[in-house]
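Summary of the model geometry
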Amino acid sequence: MAAHMRERWGSGRGFLLATLGSAVGLGNVWRFSYVAGENGGGAFLLVYLVMVFLVGVPLLLGEFALGRSTQRESAAAFETLAPASRWRHLGLLGVIVAGLILAYYAVIAGWVLKYLSLHLMGSTQEFAAAGFANAFRGFIAHPLEPIAWQFTVMALTVAVVTGGVERGIEAVSKLLMPALGLLLLALAIHSVTLPGFWQGVAFLLQPDWRALTRPQVYLAALGQAFFSMGLAMGVMVTYGSYVAPQRRLPRAAVTIAIGDTLFAIVAGLVIFPAVFSFGLDPAQGPALAFVVLPEVFAQMKGGAWVGAAFFVLLAIAALTSAVSLLEVAVAFAMHRFGWSRKRASLGLGALIFVLGVPASLGFGPWAGLTGIGGRGILDVMDFVAANILLPLNGLLIAVFLGWVWRRRDALAACDLPSSRLGRFWYFSVRYTVPLLVAVVLVRSAWTG
Ligand code: TRP
C-alpha cells in the first residue's frame, strides 16, 4: 500500500492517548500488583524503574522510529529496512506473539467484565456467602461462563479495530482514557482515607533489599516492563507507522513511559492500602484483583461503588490494550494478504478467541494440564510470552536498532540527530539494552 493511502492518527493527542491506551492495561493493575507483591514490594519497584528507563524508553523510541520512518506495520517495517538479510523476519515473531498474548489477555479481561457486572448489579453477596476465593475458583472453573465473557471481550475488541485507526482506535481512546485517569484519581483520593494507607505505601515503596539478591526479581521486573509498556511485539512499531512525520517522537516516548509507570504505582497505592486496611495478605498471586479486592469492597463502606469504579477502570484499561494487540495482527494481514480491515479483524479476532479457549478451560475441565513448575495453561502462556519471548524479541530489536540499522538513519528516524540524547539512545540500544537483557535472561535460565 502506498504511503499516502495509509491510515493516520487524526492528531498528536490522539496518538498519545491511543499509545497510552495500549500501554496502560491489565499489566498495570492486575499483573503489576501481584508481581510486585511476590518480588519484594519496594525493591521490585526500584528494579522496575531502572528497567523502564534504561531498557523500556530506548526501545519504545526505537519502535516508534521503525514504524514512522518505514510507514509500514511491524513485519513489513523490518522487511523494508533489511530486505536481503535474515533480520527481515524479525517483525513476524512479534505479530504471532501479540496474538498469543491477546488470546489469554481476553480471558482475564473477561473475568473483569464478570466482576464489573457483579458490582454494578450489586450482586456480590452470593460471592461473599460462598467465600470470595471459592466463588472465584468456581466461576473460572465453569466450562462455559468465563468463555462467554472472553467472547464478549473479543467482540468489543474486534468492533473497535474494525472502526479503523482514527475512527475506531483513536476515537475510543480519546473517549475512554480521560475517564480512566479520572477514575484512578478518584480511587486514589479514596485510598488516602483508608486506615491501612501508610502500610500500603510502605509495602510498595519500602525496599526489602534482600529481594535484590534473587535473579528472578530482575527477570520479573524486565518482563513486567516489557509487558506493561507494550514493547517488543510490534505494537509500537505499528502505532508509530500511523504518526505524521512532523511529530516529535522522543517526547512521546518519555511521556508514555512516565504515564504508564505512574499509573501502575498509583494503582498499587489504590490496591495495597485497601488490602492492608482489611488485614489481608498482598502476596496472593494473580488472584489479588479477583479475590482479595472483592472481599475488601464487600467490607468497605460504599464498597459497591468503589468496586464498580475499580472494575470499570480495569475494563477500560484492558479493552484499549486488547485493541492494540489485535491491531498489530490486523495491520499485518491487511498489508501482507491484502485483506480488508473488516475481514482481518473478524477473521483474526475469531482465531485468537479460539486460541484463548484452552487458557480458560485450564482453570476447569483441563486443570490437569500443567507445565513449567506446575503452572496452568494460562500461566504457562503468560510466562512464556512475558518472561521469555518479550525479552528475547526485545533483545533482537535492540540489536537491530544498534547494529543493523545505519546509525545516521536510526538517529534521524528517532528525531535525535547528533545530540547528546542521540548518543545516549544509540549507546543504549547498542550496548546497555542487549547486555542487560541477555544477562537477566541467562541468569534466570541458569537458576531456573
Ligand atoms: N501493555 C498492556 C498492559 O499493560 C498489554 C499490552 C498491550 C502488551 N500491548 C502489548 C503486552 C504488547 C505486550 C506486548 O496490560
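About the thresholds
- Residues numbered from 1 in each chain as written.
- Predicted model: local features only at pLDDT ≥ 70, side-chain atom pairs only at ≥ 80, totals over all residues.
- Heavy atoms only, no water.
- Near = heavy atom within 4 Å.
- Polar contact = N/O pair within 3.5 Å; in protein donor to acceptor, adjacent residues only side chain to side chain.
- Areas by Shrake-Rupley, 256 points an atom, 1.4 Å probe, with all protein chains shown as cover.
- 1 Å grid on protein atoms, 1.4 Å probe; cavity = no way out; pocket = protein on both sides within 12 Å on 5 of 7 lines; lining within 4 Å.
- Sits in = over half its atoms within 2 Å of the grid points.
- Helix = DSSP H or I, 4+ residues; strand = E, 2+ residues; numbered from the N terminus.
- Nonpolar A, V, L, I, M, F, W, Y, C, P; charged D, E, K, R; others polar.
- Phe/Tyr/Trp six-rings, centres within 6.5 Å; stacked < 30°, edge-to-face > 60°.
- Buried < 20%, exposed > 50% of the residue type's maximum accessible area, 1.4 Å probe, protein only.
- Lys NZ or Arg CZ within 6 Å of the ring centre and 35° of its normal.
- Points joined across faces, edges and corners; volume = space filled by probe spheres on them.

In the region of the ligand, 17 residues are neighbours, and Ala23, Gly27, Tyr105, Phe227 and Ser228 sit closest. One of the backbone N or O atoms of Ser22 is found 3.1 Å from a nitrogen atom in the ligand. Take Ala23: an N or O atom from its main chain is 3.0 Å from a nitrogen atom of the ligand. Expressed as a share of its isolated accessible area of 360 Å², the protein-covered part of the ligand is 100%. In a pocket analysis with a 2 Å cut-off to the grid points, the ligand is assigned to the largest cavity. Of all the elements in the fold, those that place two or more residues in the shell around the ligand are helix H1 (12-23), helix H2 (26-38), helix H5 (90-120), helix H11 (215-229) and helix H15 (303-337). Within the shell around the ligand, the residues separate by chemical class into nine nonpolar, eight polar and no charged.

Our next topic: the packing of aromatic side chains. Tallied over the full model, the rule gives 33 aromatic pairs. Between Trp111 and Phe363 the ring centres are 5.2 Å apart and the planes differ by 75 degrees, which places this aromatic pair in the edge-to-face class. With a gap of 252 residues between them, Trp111 in helix H5 and Phe363 in the loop between helix H16 (341-361) and helix H17 (377-404) connect regions that are remote in the sequence. Note on Trp111: relative accessible area 5%, which makes it buried. Measuring from centroid to centroid gives 6.5 Å for Trp425 and Tyr426, while their planes differ by 45 degrees, and the two rings are tilted. Three or more aromatic residues joined by ring pairs form one cluster here, namely Trp111, Tyr115, Phe127, Phe136, Phe139, Phe290, Phe297, Phe310, Phe311 and Phe363. The positively charged end of Arg375 is found above the aromatic ring belonging to Phe383, 4.2 Å away from the centroid.

With that settled, the discussion passes to empty space enclosed by the protein. Counted by the stated rule, this structure contains three cavities of 30 Å³ or more. What the largest cavity holds in volume is close to 150 Å³. Taken together, 19 residues form the lining of the largest cavity, with Ser22, Ile101, Phe227, Gly230 and Leu325 sitting closest to its centre. When the residues that make up the lining of the largest cavity are grouped by side-chain class, the tally is eleven nonpolar, eight polar and no charged. Quantified by volume, the second largest cavity comes out at close to 70 Å³. Taken together, Leu187, His190, Ser191, Leu194, Val270, Ala274, Leu293, Phe297, Met300, Val306 and Phe310 make up the full set of residues lining the second largest cavity. Those elements that place two or more of their residues in the lining of the second largest cavity are helix H9 (165-192), helix H13 (249-277), helix H14 (292-299) and H15.

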